[in-house]
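Overview (structure and organization)
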Amino acid sequence: MPTRIKLVFLGLMLVLFLIPAVALYSELHRRSDIWWTPSAMMVPITAGTDRVEIYAGDKRLEALLDAGQVQLVTSGGPIVLAKSDIRLRFNNWDHVRSERTLSLVIYAVACGVTALLFLLILTGRLAYRGEKARVET
């Protein structure tokens, strides 16, 4: 293969490799602690019962709150907590992680294919046959 064509294809493969490689790198280095429910959108304990149950000992926290058995000790003395005082934040990382698995696999396959093509071009395994004169009959 002529050197100029080889360099063009090597440059093309390098660019095509960098596109999924940058996407893969950014996905793998994304912060995993940003998937919590924002503080301003915390869910009251009564609205979060479909996703979480909290127990203290053997009793549900809601039952303890209804009975007035949960207190917060402050500098001004103990305060009995109500259900409205307890709010929840959810971590949605498990949902995000399962959604991004397919894209990570696609990026990895694209990186592997372009790296293979780069190596094939670099080592000269892709034979350049040139143009042949056409024989007319």
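In case you missed it, the structure is sitting above this.
Note that the structure is a prediction, hence the values are computed from the model and not measured. (Residues numbered from 1 in each chain as written. Predicted model: local features only at pLDDT ≥ 70, side-chain atom pairs only at ≥ 80, totals over all residues. Heavy atoms only, no water.)

**Topic: the environment of V70**
Along the chain, V70 turns up in the loop between helix 2 (61-66) and strand 4 (71-74). By relative accessible area, which is 18% here, V70 ends up buried. A C-alpha to C-alpha distance of 20 Å links V70 and R89, two positions 19 residues apart in sequence. (Helix = DSSP H or I, 4+ residues; strand = E, 2+ residues; numbered from the N terminus. Buried < 20%, exposed > 50% of the residue type's maximum accessible area, 1.4 Å probe, protein only.)

**Thoughts on helix 1 (residues 3-28)**
With 26 residues, helix 1 should reach 38 Å at 1.5 Å per residue; the first-to-last C-alpha distance of 36 Å fits that figure. Where helix 1 is buried, its residues contact helix 3 (93-123). (Expected span 1.5 Å × (residues − 1). Contact = heavy atoms within 4.5 Å.)

**Remarks on the nonpolar core**
I45, L61, L64, L65, V70, L81 and I86 form the largest nonpolar core, which has 7 residues in total. Not counting chain neighbours up to four residues away, the residues in contact with L61 comprise I45, I54, Y55, V70 and I86. (Core = buried A, V, L, I, M, F, W, Y, C linked by side-chain atoms within 4.5 Å.)

**Remarks on empty space enclosed by the protein**
Picture a little ball the size of a water molecule; that probe, rolled over the atoms, points out where space is still empty. Tallied over the entire structure, the rule returns 1 cavity of 30 Å³ or more. In terms of lining residues, the largest cavity is bounded by I45, G48, T49, V52, E53, I54, R60, L61, E62 and L88. Its residues assigned to classes, the lining of the largest cavity comprises 5 nonpolar, 2 polar and 3 charged. (1 Å grid on protein atoms, 1.4 Å probe; cavity = no way out; pocket = protein on both sides within 12 Å on 5 of 7 lines; lining within 4 Å. Points joined across faces, edges and corners; volume = space filled by probe spheres on them. Nonpolar A, V, L, I, M, F, W, Y, C, P; charged D, E, K, R; others polar.)

**Regarding the pattern of salt bridges**
Tallied over the full model, the rule gives 6 salt bridges. Where E62 meets R60, a salt bridge forms, and the shortest distance between an N and an O atom there is 3.1 Å. Its salt-bridge partner being E62, residue K83 comes within 3.5 Å of it at the nearest N-O pair. Highlighted residues: K83 in the loop between strand 5 (77-80) and strand 6 (87-88) and E62 in helix 2, separated in sequence by 21 residues. Taking relative accessible area as the criterion, K83 reaches 25% and is therefore assigned partly exposed. Among the residues examined, E62 registers a relative accessible area of 15% and is labelled buried. One network of salt bridges, in which partners are shared, links E53, R60, E62, D66 and K83. (Salt bridge = Lys/Arg side-chain N within 4 Å of Asp/Glu carboxyl O.)

**Structural notes on helix 3**
In this model helix 3 runs 43 Å from its N-terminal to its C-terminal C-alpha over 31 residues, within 8% of the 45 Å that 1.5 Å per residue would give. Within the span of helix 3, buried status applies to W93, V96, R100, L104, C111, T114 and I121. Close packing links the buried residues of helix 3 with helix 1. Directly beyond the C-terminal end of helix 3, a positive phi value near 80 degrees is found at G124.

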